[in-house]
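Spelled out, the chains give:
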Amino acid sequence: MSKQPLGALGSALVPSALATRLEAHPDAQRAFRSARHAFIDGGRVDMQALASSLGVDRTSLFRWVGNRDQLLSEILWSLAVPTLDAAGRAAAPSGAARIVDVLDHFTADLIRAPYFRAFLTREPARALRLLTTTDSDVQRRFVAVVSTLVATEQESGAFDPAPLSPDELGRLLVRVSESFTYADLISGDTPDPERARTTFEYILRPVQPGSDD
């Protein structure tokens, strides 16, 4: 497997109906861009207000971008894509160290992103449902990315996930990332990127340069 950009990989492995519409329909693209800008600015994505700003009715807007959950999920993933791509570029070239670095960079960036924290604070129940459930396009894509990352390092001989499969380890690592990213919502703890990295290292045990292992 080639080390292609991680965000694009997730989109390709787990396509969504809205992503398909966005590729083909300028009106859907226009609505999506407007909603995405509002989200990044820290505002609530309101379907009625969005339809009015575009000069259409809600029925047309729903036909273009689906319901609010579908739109928010696609916005969230669109913001995850460059974050994952940057994490992949900054990571170690291979092995467990590469997996740790990708997860570390991605988790830390989410914890520190103001627009993301604003969404979690504003709509905590919806955020957890859209981001952490098995029905979520966002989580399914994240799991696909991490599982493929593990499989790529396994196939190159740089990392062995045994006794787990790449898919099993991928799901576990995503759950760990989620437990730190959403710690304030799940357990009332403060999200801590340094503890997240320590946990990834504990699970994956990357061999350090000069180690006898």
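Structure: see above.
Attention here is on the structure that accompanies the text.

**Considerations on the nonpolar core**
Nonpolar side chains tend toward joint burial in soluble globular proteins.
Phase 1: Grouped together as the largest cluster of nonpolar side chains are 60 residues, with contacts concentrated most on Phe39, Leu61, Leu71, Phe116 and Leu173.
Phase 2: The leading source of residues in this core is helix α6 (residues 68-90), at ten residues.
Phase 3: With near-sequence residues (within four places) excluded, Phe39 lies in contact with Val45, Leu72, Ile75, Leu76, Leu79, Tyr115, Phe119 and Arg122.

**Re the packing of helix α2 (residues 17-24) against helix α3 (residues 26-40)**
Phase 1: Look at α2 against α3: their axes get within 6 Å of each other, and the N-to-C directions meet at 115°. When the axes of α2 and α3 are compared, the pair comes out roughly perpendicular. In this structure, the crossing between α2 and α3 has a hand that is left-handed. Contact residues: Arg21, Leu22, Glu23 and Ala24 in α2; Pro26, Ala28, Gln29 and Phe32 in α3.
Phase 2: Taken together, the residues of the contact of α2 with α3 sort by class into five nonpolar, one polar and two charged.

**A few points about unusual backbone geometry**
Phase 1: Here the bond from Ala162 into Pro163 is cis, since omega is 10°, no more than 30 degrees from zero.
Phase 2: Note that Pro163 resides in the loop between α10 (137-155) and α11 (166-181).

Definitions and cut-offs
- Residues numbered from 1 in each chain as written.
- Predicted model: local features only at pLDDT ≥ 70, side-chain atom pairs only at ≥ 80, totals over all residues.
- Heavy atoms only, no water.
- Core = buried A, V, L, I, M, F, W, Y, C linked by side-chain atoms within 4.5 Å.
- Buried < 20%, exposed > 50% of the residue type's maximum accessible area, 1.4 Å probe, protein only.
- Helix = DSSP H or I, 4+ residues; strand = E, 2+ residues; numbered from the N terminus.
- Contact = heavy atoms within 4.5 Å.
- Axes fitted to C-alpha atoms, helices over the stretch in contact; angles between N-to-C directions.
- Parallel < 35°, antiparallel > 145°, perpendicular 65-115°, else oblique.
- Left-handed = near helix turned anticlockwise from the far one by under 90°.
- Nonpolar A, V, L, I, M, F, W, Y, C, P; charged D, E, K, R; others polar.

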